[in-house]
Amino acid sequence: MSISSYPFDGQAVSEGQYSYLFRELASHSGIADSVGGTSFNTYGDSSGMRVKVNPGFAIVRGHAVQSTATEAVTIAAASAAQRYDRVVLRLDPTANSITLAVVQGTSGGGLPALTQTDTGIFEFPLATVTIPVGASTISAGNVQGERRFLGNSVGGWTTATRPEGARTGRLGLNTSTNQWEYWTGTAWKDLAPTVTWSTIEGSPATFPPASHTHPWGDVTGKPATFPPSSHNHAWGDITGKPTTFAPSSHSHSWSSITGKPSTFTPSSHNHSGYLTSGSTISWANGSKKPHSNSASGSGTWYAVWVEGDGTFCRNTSSIKFKENVRDYGINPDDILKLRPVIYDRKDTVDEETGETKTGRKGEVGLIAEEVEAAGLDWMVNYLDGEVDGLRYDLLGVALVPVVQHQAEQIRTLEERLAALEERLAG
């Protein structure tokens, strides 16, 4: 007969039939307890080469086993290298029994395999025991639990103790992750996984995504007319703006400048503020403004100096501005060493526009380094510790002792000539 049914009154039912029935009801093999419960919990207490197993109830391949007292299970003596043993519930259909047993590993080997047949011996793991070299006792730290629990009695499991042989769609709470999960037939999957950017199908690989376009009809919030009516935007909403303001040196094309005059040079105009109002330029520290843009007319005129920071100031020389006045000796011979030269200025490149500016040709002057070498460094200007220019306004001061020296020589020669003429006349 190819179809059979059981159990019914007056009918003989075999052990194999009952085992098959209970395996379906009990979802394979496992401990009948809550996840983390103590049923058949195996532990070491350093009381010798043995472990202890708590009372409990379990189903092993459709057969029930119950223990009502704590049992001690002996572990073989330590080997020459570290060894792993496994404590199991061993189903032996031939002996009609399920007993506690130890599957001994090999010295220096890995975890020993279990015998799990469908009709013969079936070993259900309770714990792994690590036996170090020279061990004489088994401590709590040497025992690692392997128990699996019956899904239908628990409703959940840990990651390490998920039901074996689960059917596709089996659902339960994983207490390791505190998430509901189900068996797909090949893997356990979260029932309600956390959505991340990487798990979203069709999401761009980079953000912002690569350059792309959108049809005008898909753009929301666009103005009804284009260009839109006058409006403004908050500074924080503007993208692509410079990180500093004013931005680093840059340039703009003439066509991109708005508000520029229609003709160039622009028509007559002026600038308010410090350039045209008041009797002085505000940052010039006392210099007089130009009179009608030409050096003519009434008024007092001053020679102007420019300080290193760009400040203008008048060149004053009254004794009322001076103190600690004393003679300053200048060697006329040093002045006579100076070499007037004629030279051409080097071309320069404008840093903003990149335009090359041609230097003046045929300038007459002195070389500042030669003036410094002649011992006249008080006439030399320095910038950043290097020779930069000359105080040509002091050249006249330097020439005074030369003129005085030559005047003294002329006077002496005149006196000598007069004396000679007197002697010749006598």
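Residues numbered from 1 in each chain as written. Predicted model: local features only at pLDDT ≥ 70, side-chain atom pairs only at ≥ 80, totals over all residues. Heavy atoms only, no water.

## Remarks on the packing of aromatic side chains
So, point 1. Evaluated as defined, the whole model comprises 2 aromatic pairs.
So, point 2. Aromatic pair W183 and W188: ring centres 5.2 Å apart, planes at 55°, arrangement tilted. Both residues of the pair, W183 and W188, count as buried.
So, point 3. Summarising the aromatic geometry, the rings of Y328 and W378 are spaced 5.7 Å apart at their centres and angled 85° between planes, so their arrangement reads as edge-to-face. Here the residue Y328 occupies a position in the loop between β16 (312-314) and α3 (332-336), and W378 occupies one in the loop between α4 (368-373) and β21 (380-383), the gap between them amounting to 50 residues.
So, point 4. Judged by relative accessible area, Y328 falls into the exposed class, the value being 57%.
So, point 5. Under the relative-accessibility criterion, W378 is labelled partly exposed at 25%. (Phe/Tyr/Trp six-rings, centres within 6.5 Å; stacked < 30°, edge-to-face > 60°. Buried < 20%, exposed > 50% of the residue type's maximum accessible area, 1.4 Å probe, protein only. Helix = DSSP H or I, 4+ residues; strand = E, 2+ residues; numbered from the N terminus.)

## Digging into the nonpolar core
So, point 1. In this structure, F40, V51, V60, L89, L126, V129 and I138 are the most contacted members of the largest nonpolar core, which totals 23 residues.
So, point 2. Every element with two or more residues in this core is listed here: β3 (50-53), β4 (56-60), β7 (83-92) and β9 (122-131).
So, point 3. For this core, the leading source of residues is β9, giving 6 residues.
So, point 4. The next biggest cluster of nonpolar side chains, apart from the first, holds 14 residues, and it includes I335, A368, L376 and L394. (Core = buried A, V, L, I, M, F, W, Y, C linked by side-chain atoms within 4.5 Å.)

## Digging into the sheet that holds β4
So, point 1. Strand order in the open sheet formed by 3 strands is β1-β4-β5, with antiparallel pairing between adjacent strands. Of all the strands in the sheet, the pair left with one neighbour each is β1 (30-31) and β5 (63-67).
So, point 2. Bridge count between β1 and β4: 2 bridges; the pairing is antiparallel. Across the sheet, I31 pairs through a bridge with A58, a residue of β4. (Pairing = 2+ DSSP bridges.)

## Considerations on the sheet that holds strand β12 (residues 171-174)
So, point 1. Read across the open sheet, the 4 strands follow the order β11-β12-β13-β14; overall the sheet is mixed. Whereas interior strands pair on both sides, the edge strands pair on one side only; in this sheet they are β11 (156-157) and β14 (188-190).
So, point 2. Relative to strand β13 (residues 179-183), β12 runs antiparallel, the two being bridged by 4 bridges. Opposite L171, over in β13, you have Y182 as the bridge partner.

## Focus: the confidence of the model for the chain
So, point 1. Taken as a whole, the chain shows an average pLDDT of 82; of its residues, 85% reach a score of 70 or greater.
So, point 2. The least confident element of the chain, judged by mean pLDDT, is helix α2 (residues 151-154) at 49; the most confident is β3 at 97.
So, point 3. Scored below 50 in pLDDT, residues 272-294 makes 31 contacts in the model with residues more than four places away or belonging to other chains. (pLDDT = per-residue confidence, 0-100. Contact = heavy atoms within 4.5 Å.)

## Section: unusual backbone geometry
So, point 1. Although it is not a glycine, R61 adopts a positive phi angle of roughly 50°.
So, point 2. The phi dihedral of N324 is positive, around 55°, even though this residue is not glycine.
So, point 3. Following the sequence through the fold, N324 ends up in the loop between β16 and α3.
So, point 4. Look at N324 and you get exposed, because its relative accessible area is 58%.

## Thoughts on the pattern of salt bridges
So, point 1. What the rule picks out here adds up to 14 salt bridges.
So, point 2. R86 is paired through a salt bridge with E146; the nearest N and O atoms lie 2.6 Å apart. Here R86, found in strand β7, pairs with E146, found in the loop between β10 (143-145) and α2; they are 60 residues apart in sequence, far enough to count as distant.
So, point 3. Looking at E146, the relative accessible area reads 16%, which means it is buried.
So, point 4. With a closest N to O distance of 2.9 Å, R345 and E363 form a salt bridge. Placement of the pair is R345 in the loop between β17 (341-343) and β18 (348-349) and E363 in strand β20 (residues 363-365), with a sequence separation of 18 residues.
So, point 5. Residues joined by salt bridges that share partners form a network here, namely R345, R360 and E363. (Salt bridge = Lys/Arg side-chain N within 4 Å of Asp/Glu carboxyl O.)

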